[in-house]
Amino acid sequence: MLALLSAWSGAVLAQAADALPAIEVRETASAAERKQLPQTSASVTAAAAADGINVTDASDALKYLPSLTVRKRYIGDTQSPLATRTTGVNASARSLVYADGILLSALVNNNNGNGSPRWFMVAPEEIERIDVMYGPFAAEYPGNSYGAVTEIVTRMPERFEASVKALYSQQDFSQYGSGGTYRAQEYNVSLGDRSGALAWRFSANHLDSFSPPVTYITSGAAPAGTTGAVAAQDRTGKPIYVLGAGNLTHTVQDTARLKFSYDFTPTLTATYTLGMWQNQANANPQTFLRNAAGAPAYGNGFSANSVDQQQWMQGLELRSKTGGAWDLQVAASTMSASRDLTRTSTAAFPAGAGGGAGTIADAGGTGWSTLDAKGIWRPEDGAGRRGAHTVSFGAHYDRYTLATPTWNTASWVSGGSGTLASDSRGKTETSALWAQDVWRLVPALKATLGARYEQWRAFGGYNFNTIASGAGFPVNQPAVSSNGVSPKASLAWAIDDQWLATLSSGRAIRFPTVGELYQNILSGGVYLQANPYLKPEKVWSTELAIERALAEGQGKWRVSLFEERVSDALISQSASFNGGVASFTQNVDKTRQRGIEAAFERNDLLLRGFSLNGSVTYVDARILANSTYVPTTAGATSVGKRTPYVPEWRATLVATYKPDDRWSYTLAGRYSGRVYATVDNTDVNSHTYQGFDGYTVFDARVRYRFDRHWSGAVGVDNLTNRDYFLFHPFPQRTVFAELKYDF
């Protein structure tokens, strides 16, 4: 395809010069600036990502933005939640991710599994820029915004354009005395054009990836008569044996996305987006054990699975852009799964690798839909001028549906569904009204006042589970509802042309997800629902941000002081239940996250073309009260301990040198302190499977533009081959090579 497109465009442009064209650099406003929102924001453009980031999916573009982490275990990982300043990798519902206004955040759960954003619905080559807005200070967004709001903006062409890109990566991985070489290939084709009022863009992406181990099989003792088990310690320091690696995954994914826009008038535009993603994946274990004859041996815990998924995304938007007294916007979106099957073996290995008993989990009924209407009013003052007030207001509706029945099957590889093994179902629904006024008090002083009212309900909850005897236990869950008002206030003072100080405070209400409400808990040999009456999280956040823009566009720096207090935080912990102790999501009375974040950008530092940007974040995250906690270790307590999954320190540093229009060199570093996964911080051993290490990782990238059409890049992630765990083993040194053709 690269050769065909090159030959075709070469014939069309036979008379064109081969030299690189002049590059026009234009600064575009961030989402917060475009919408006049009070949040602190950070952005990355497509050009910056192409020059300095090894990108395989949309989430990679965020890796150097302040205080952000995407838990991505391998190329093609579909379970990649976003962690922010004050939220961890297990809290996917505490942030929001949008693509062209379509919600990619899966608010059906609040975890690092099926609650992860659907990053794969947007191919990297479509992206124009990504903006991240920190904190719940805008009435336009629901309470899930209290971590951050990420908005991915894709490009629409002004003339015919096309591109083809091929990417190859390779990782040599070694851990617990075993390892291998794992490769990935990715191809992207993009086309677009504009004809008068109609513009369109089509993008297709194909990924074929092999992952290193995602999990490990562990036991308190090595199976009798075997050798090869690796002695280790679990995250609490207790001795364990590692018997083998699990979930070595081969995934083949295809994404197609079509976007149309039509200008009814110069100020009224309709946009329709259709996206499809499908995934075929197989995950298998690798044993470390050998029997007396030297043949592979297996113990308990070895399992394989296969995944067959197809998901659809649709969005329709009508927007006016008059810039006058009134502007309106109406947007609707859906995300649904036409197919989502996971087949898992339960038969003992090695026979279970080829068939035998298993389960089939069907998540095909899971999805969500949203509807938003927004108006903007810019009234005139007494002198007939606009700008003293910008009033925005809107209405919102969403519905999230969770349906995950699991069936027994005689053959996990190809058998049909048998008896029902378990089921979790339910729906949540939210309606909201909001309003916000950006009030220019004097030219240097701007106040933003707003509020959001939300009505939420959960209904249709149902759980079914079976015990060893085969008996089933169905539970119809009660419907629950809640509502609340979230006020917001911000005051921005433009001290002069270079200095800006902004003080913001706001309340957020984060209602429980379906998965948090209707989870299956095993206690006393019986599966029961723990608590369908979970309370919503109630958050008060405050931030003081001081920014300074450097002269002549040479960059800027910012320092933010922030505090977040959460009542009834929804966190998984151990507690008394049904006469015993079980671990499940419940309300923790009070947590507090307080810290400071510093970020800077400096262009043409010391010499022309050399830029440096980075950030440092410190967070003191503590549990202040927790009345339901039950210790699993004698003498343990949770009060005063660090809030799970929030590191004390994080930092990034990116150096890029562009000596001319052809070459770009980048060296980047990412640092995070260790985190705790338990409320009592008893997981003291971080460097082990299920532990959470601190880490320092360096990345590098070199990009070269051969001419106006061809470009290539080579890069390395984890240059020093850092060996670390974030519960799962994380990628070691990975080498990238890509070739791209633009027409």
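Okay, so let's go over this structure.

What counts, and at which threshold
Residues numbered from 1 in each chain as written. Predicted model: local features only at pLDDT ≥ 70, side-chain atom pairs only at ≥ 80, totals over all residues. Heavy atoms only, no water. Helix = DSSP H or I, 4+ residues; strand = E, 2+ residues; numbered from the N terminus. Rg over C-alpha atoms; globule rule 2.2 N^0.38 Å. Buried < 20%, exposed > 50% of the residue type's maximum accessible area, 1.4 Å probe, protein only. Contact = heavy atoms within 4.5 Å. Areas by Shrake-Rupley, 256 points an atom, 1.4 Å probe, with all protein chains shown as cover. Lys, Arg positive; Asp, Glu negative; His and termini not counted. Charge placed at Lys NZ, Arg CZ, Asp CG, Glu CD. Salt bridge = Lys/Arg side-chain N within 4 Å of Asp/Glu carboxyl O. Pairing = 2+ DSSP bridges. Patch = residues over 30% accessible without salt bridge, like charges linked within 9 Å, V, L, I, M, F, W, Y side chains within 5 Å. 1 Å grid on protein atoms, 1.4 Å probe; cavity = no way out; pocket = protein on both sides within 12 Å on 5 of 7 lines; lining within 4 Å. Points joined across faces, edges and corners; volume = space filled by probe spheres on them. Core = buried A, V, L, I, M, F, W, Y, C linked by side-chain atoms within 4.5 Å.

## Here's the deal with the overall build of the protein chain
Reasoning step 1: Across its full length, the protein chain carries four helices and 38 strands.
Reasoning step 2: Relative to its length of 743 residues, the protein chain is compact, with a C-alpha radius of gyration of 26 Å against a globular reference of 27 Å.
Reasoning step 3: With the C-alpha coordinates aligned to their principal axes, the bounding extent of the protein chain is approximately 85 × 60 × 50 Å.
Reasoning step 4: For the protein chain, the residues scored as buried account for 53% of the 743 residues in total.
Reasoning step 5: A separation threshold of at least 6 residues defines the contact pool for the protein chain, and within that pool the share at least 24 residues apart is 67%.
Reasoning step 6: Approximately 30600 Å² of the protein chain is accessible, and the part contributed by carbon and sulfur atoms is 57%.
Reasoning step 7: The protein chain carries 66 positive and 64 negative side-chain charges, and their two centres are separated by 3 Å.

## With respect to the pattern of salt bridges
Reasoning step 1: Under the definition given, this model contains 39 salt bridges.
Reasoning step 2: Residue E543 is joined to R85 by a salt bridge in which the shortest nitrogen-to-oxygen separation is 2.7 Å. Here E543 is found in strand 28 (residues 537-549), whereas its partner R85 is found in the loop between strand 3 (82-83) and strand 4 (96-99), with 458 residues between them in sequence.
Reasoning step 3: Look at E543 and you get buried, because its relative accessible area is 2%.
Reasoning step 4: Of the residues examined, R85 reaches a relative accessible area of 6% and is grouped as buried.
Reasoning step 5: E161 is the salt-bridge partner of R155, the closest N and O atoms lying 3.0 Å from each other.
Reasoning step 6: Taking relative accessible area as the criterion, R155 reaches 27% and is therefore assigned partly exposed.

## A few points about the sheet that holds strand 6 (residues 127-134)
Reasoning step 1: The five strands lie next to each other as 1-6-7-4-5, forming an open sheet whose pairing is mixed. Strand pairing shows two members of the sheet lacking a second neighbour, strand 1 (40-45) and strand 5 (102-103), which therefore form its edges.

## Side note on a nonpolar patch on the surface
Reasoning step 1: Together, L198, F260, Y262, F264, L318, V330 and L371 make up a nonpolar patch on the protein surface, roughly 600 Å² of accessible area in all.
Reasoning step 2: For the nonpolar patch, the element with the highest residue contribution is strand 13 (residues 239-265), accounting for three residues.
Reasoning step 3: Assignment of secondary structure puts L198 in strand 10 (residues 198-210).
Reasoning step 4: What makes L198 partly exposed here is its relative accessible area of 35%.

## Quick notes on empty space enclosed by the protein
Reasoning step 1: Counted by the stated rule, this structure contains nine cavities of 30 Å³ or more.
Reasoning step 2: Roughly 610 Å³ of volume is contained in the largest cavity.
Reasoning step 3: In terms of lining, the largest cavity is formed by 44 residues, of which the most central are D60, K63, K72, R670 and D717.
Reasoning step 4: Mapped onto the lining of the largest cavity, the elements with two or more residues apiece are strand 2 (69-70), strand 8 (161-175), strand 9 (178-195), strand 10, strand 32 (649-657), strand 33 (663-672), strand 34 (695-705) and strand 38 (734-742).
Reasoning step 5: The calculated volume of the second largest cavity comes to roughly 180 Å³.
Reasoning step 6: Along the walls of the second largest cavity sit 16 residues, with T56, D57, F120, L207 and Q253 positioned nearest its centre.
Reasoning step 7: Elements with a minimum of two residues in the lining of the second largest cavity: strand 10 and strand 13.

## Some words on the nonpolar core
Reasoning step 1: Membership of the largest hydrophobic core comes to 48 residues, with the highest contact counts inside it found for L62, L65, L104, W119, Y141 and I152.
Reasoning step 2: Only helix 2 (31-34), strand 1, strand 4, strand 5, strand 6 and strand 7 (148-154) provide two or more residues apiece to this core.
Reasoning step 3: It is strand 6 that contributes the most residues to this core, five residues altogether.
Reasoning step 4: Those residues in contact with L62 that lie beyond four places of it in its chain are L68, V70, L82, W119, I130, V132 and T150.

## Brief notes about the pairing of strand 17 (residues 358-362)
Reasoning step 1: Alignment of strand 16 (residues 326-345) against strand 17, held across five bridges, turns out to be antiparallel. Residue pairing across strands places T344 opposite T359, the latter belonging to strand 17.

## Observations concerning the pairing of strand 14 (residues 268-287)
Reasoning step 1: By the bridge criterion, 19 bridges tie strand 13 to strand 14 in an arrangement that is antiparallel. When the sheet's bridge partners are listed, A256 is paired in strand 14 with M276.
Reasoning step 2: In this structure, the hairpin formed by strand 13 and strand 14 is closed by a connection of two residues.
Reasoning step 3: Alignment of strand 14 against strand 15 (residues 305-320), held across 16 bridges, turns out to be antiparallel. Of the residues in strand 15, the one forming a bridge with T269 is R319.

Honestly, it's all geometry; don't read function into it.
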